[in-house]
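So you can see what is in the structure, the chains are spelled out below.
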Amino acid sequence: MRTIKLNRLSSLILLFISVLINSIHSQSIFDSGFGNNGIVIPPIKSLNSGSWSLSIQSDKKIFIAGWAYTDEETPSDISISRIFENGEPDTAFNSNGLFSIGNSTWEDAYSSTIQPDGKILVAGRFYNGRSWDFLLVRFNEDGSLDTTFAQKGYATKDFGKDDRAFSVDIQSDGKILLCGFAERFNWDFAIARFNTDGSIDTTFGEKGSTILNIGSYNDVAFSIKAQQDGKIIVCGWTYIFGSWDFALVRLNADGSLDKTFGSTGIVTTDYHHLYNTSHSIAIQSDGKYVAAGYTEKPDSPDSDIMLVRYNTDGTIDKSFGNEGIVLADYKDANDFAWVVKTDKYDKLVVGGNVTINASKILQVARFNSDGSPDLSFGENGILVTQIFGFDEECRDLLIQPDGKILLTGYFSDRRNTKAFIIRLTNPYNSINSKTEILSNNFPNPFNTFTKIIYVIPTYLAEDKKFLSVNIKVYDILGREIETLVNDFQEPGLYQVQFPSFTQSSELSSGIYFYRIDINGISNVKKMLLIR
């Protein structure tokens, strides 16, 4: 009998898996056909600028919006820029990258979207001389102000004190939704709706807006989505007696609370009574909601990315991650998520930053539809890359129709802050380049357990989101030993352990075969167990 020491075996397995996975995405993930090796610094004529929002036009041009200022004592402007698909600046669009409502006025942009007619909506905040208001600006396709909108090109909503709009979306009827917070005694969820001409929609809520006090202190709405059925989903965070919690609100089309969501139209999620804030929401193809943000960990000084998936009735989907919650941590550092998006296969892409040695570094994480990490992406599903050398934050991302990923945000050189746009290659390219759907297991021979890695390429999926995947293990006589996988999975890279059951010690030494079946495609490989 031959015995392999467990610690040495584990090290070998981890090394093999690392080498195999690294070979799958060994090509640079940055798109060399975009800007300077995948990076663009937009030409905004200001000492400091930052981008909070990305939108793609029908002609594939890329629009970004954010803020710009000279120093903290001078008024800020909205920054708007447009680049061509290859990253070259569109010099015909707003040559200096700045927009201001008037001389010495203060305004910032946090969100943008493109109307079906090509006009551009930008949402943020405007200082009226006494306090901040919701701001909604509309630009023509050439970057000029659309003065047919609210008769002056922009609309504001004043709730009384300091207010801020963080997100904008367009309903199927063309009406425009904003969400953020309104300051009354504390900050409260605030949602406003505008007609297509820029006037406030007085049929919505109370004279065009809905304000919700959720917790015992501040409530902030960060992300809004208009559903196809006319309902409106909003996510953010709330403070409830010592705990910061994820908060979701669903409204009916008239702005009233949808009481089929939860029991009141409001759902909050407390994780270990700690600091949990949600900043973005995505809707998967089955209508389920995924909220992304971050949380502190019990008995730990660092924070993690946190995802929570909800059923359409507001209950937590316990089939996702660990009882409905996914935590992502990069090397025990502080992880933070600002945005989450879904792709055509319901994978989740999360953008934010991780803090290492007091410096913020760009972070992008990718998850399978069930919340497990996408092993084909970055390191165990997380890409951390320090591009500019100093503080970097991803504030928004988009997945292009061709699968490439656009990121935007800002970085600091310790003197000034600058906006950036980055484009990553299509993550599915790495798995589609594999010649076999089933890899050799490792270790082989094995003594206690072995890992099997397999790939589901997108060309097998065709128009399907999920494929039936079956992996079984047989002994040399053809008797079935174990079913390792019997599930529907989206394209990606996966690994499974054999044996997976607790009675593995009962297996005899000998030759075993493992077979994979995906959408009518099969492959068989051999492994040797030595006791």
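Conventions used here
- Residues numbered from 1 in each chain as written.
- Predicted model: local features only at pLDDT ≥ 70, side-chain atom pairs only at ≥ 80, totals over all residues.
- Heavy atoms only, no water.
- Helix = DSSP H or I, 4+ residues; strand = E, 2+ residues; numbered from the N terminus.
- Rg over C-alpha atoms; globule rule 2.2 N^0.38 Å.
- Buried < 20%, exposed > 50% of the residue type's maximum accessible area, 1.4 Å probe, protein only.
- Contact = heavy atoms within 4.5 Å.
- Lys, Arg positive; Asp, Glu negative; His and termini not counted.
- Charge placed at Lys NZ, Arg CZ, Asp CG, Glu CD.
- Salt bridge = Lys/Arg side-chain N within 4 Å of Asp/Glu carboxyl O.
- Pairing = 2+ DSSP bridges.
- Axes fitted to C-alpha atoms, helices over the stretch in contact; angles between N-to-C directions.
- Core = buried A, V, L, I, M, F, W, Y, C linked by side-chain atoms within 4.5 Å.

**Here's the deal with the overall build of the protein**
Scanning the protein for helices and strands turns up three helices and 34 strands. For the protein, the C-alpha radius of gyration of 25 Å lies close to 24 Å, the compact-globule estimate for 531 residues. Its C-alpha atoms give the protein principal-axis dimensions of roughly 85 × 50 × 45 Å. For the protein, the residues scored as buried account for 56% of the 531 residues in total. Here the contacts in the protein between residues at least 6 apart in sequence split such that 53% fall between residues at least 24 apart. Charged side chains in the protein number 49 positive and 64 negative. The centres of these two groups are separated by 5 Å.

**Considering the pattern of salt bridges**
Tallied over the entire structure, the rule returns 27 salt bridges. Among the ionic pairs, D258 bridges to K231, the shortest N-O distance being 3.0 Å. Residue D258 is located in the loop between β16 (243–251) and β17 (266–269), and its partner K231 is located in the loop between β14 (219–226) and β15 (232–240); the two are separated by 27 residues in the primary sequence. Under the relative-accessibility criterion, K231 is labelled partly exposed at 21%.

**What about the sheet that holds β17?**
As summarised here, the arrangement of the four strands in space is β14-β15-β16-β17, forming an open sheet in which the pairing is antiparallel. Two strands lie at the open edges of the sheet, namely β14 and β17, each paired on one side alone. Averaged over neighbouring strand pairs, the angle between their axes works out to 20 degrees when direction is ignored. In the sheet, β14 pairs with β15 via seven bridges, with the strands oriented antiparallel. Directly across from K225, in β15, lies its bridge partner I233.

**Observations regarding the nonpolar core**
It is characteristic of soluble globular proteins that their nonpolar side chains tend to be buried jointly. If you look at the biggest cluster of nonpolar residues, it comprises 31 residues, and the most contacted ones within it are Y454, L484, F498 and I518. For this core, the element with the highest residue contribution is strand β29 (residues 450–456), accounting for five residues. Once you skip the residues sitting within four places of it in the chain, I518 turns out to touch I437, V455, I456, L460, L467, S468 and V469.

**A closer look at the pairing of strand β27 (residues 405–412)**
Burial within β27 is extensive, with eight of its eight residues counted as buried. Burial along β27 is two-sided: I405, L407, G409 and F411 facing one way and L406, T408, Y410 and S412 facing the other are all buried. Taken together, the seven bridges between strand β26 (residues 392–399) and β27 define a ladder with antiparallel strand orientation. The residue of β27 that forms the bridge with C394 is G409. Hairpin remark: β26 followed by β27, antiparallel, with five residues in the connecting loop; positive phi at G403, about 90 degrees. Of the strand pairs in this sheet, β27 and strand β28 (residues 417–424) are connected by eight bridges, and their pairing is antiparallel. Looking at the pairing, Y410 lines up with A419 of β28. The turn linking β27 back onto β28 is made up of four residues, and R414 within it adopts a positive phi angle of 75 degrees.

**Considering the sheet that holds strand β10 (residues 163–170)**
Overall, antiparallel pairing links the four strands, which are arranged β10-β11-β12-β13 in an open sheet. Strand pairing shows two members of the sheet lacking a second neighbour, β10 and β13 (209–212), which therefore form its edges. Across this sheet, the average inter-strand angle for adjacent strands is 20 degrees, counted without regard to direction. Across four bridges, strand β12 (residues 187–194) lies against β13 in antiparallel orientation. Residue I191 lies in a different strand from β13, and its bridge partner there is T210.

Remember, this is a structural readout, not a statement about activity or role.
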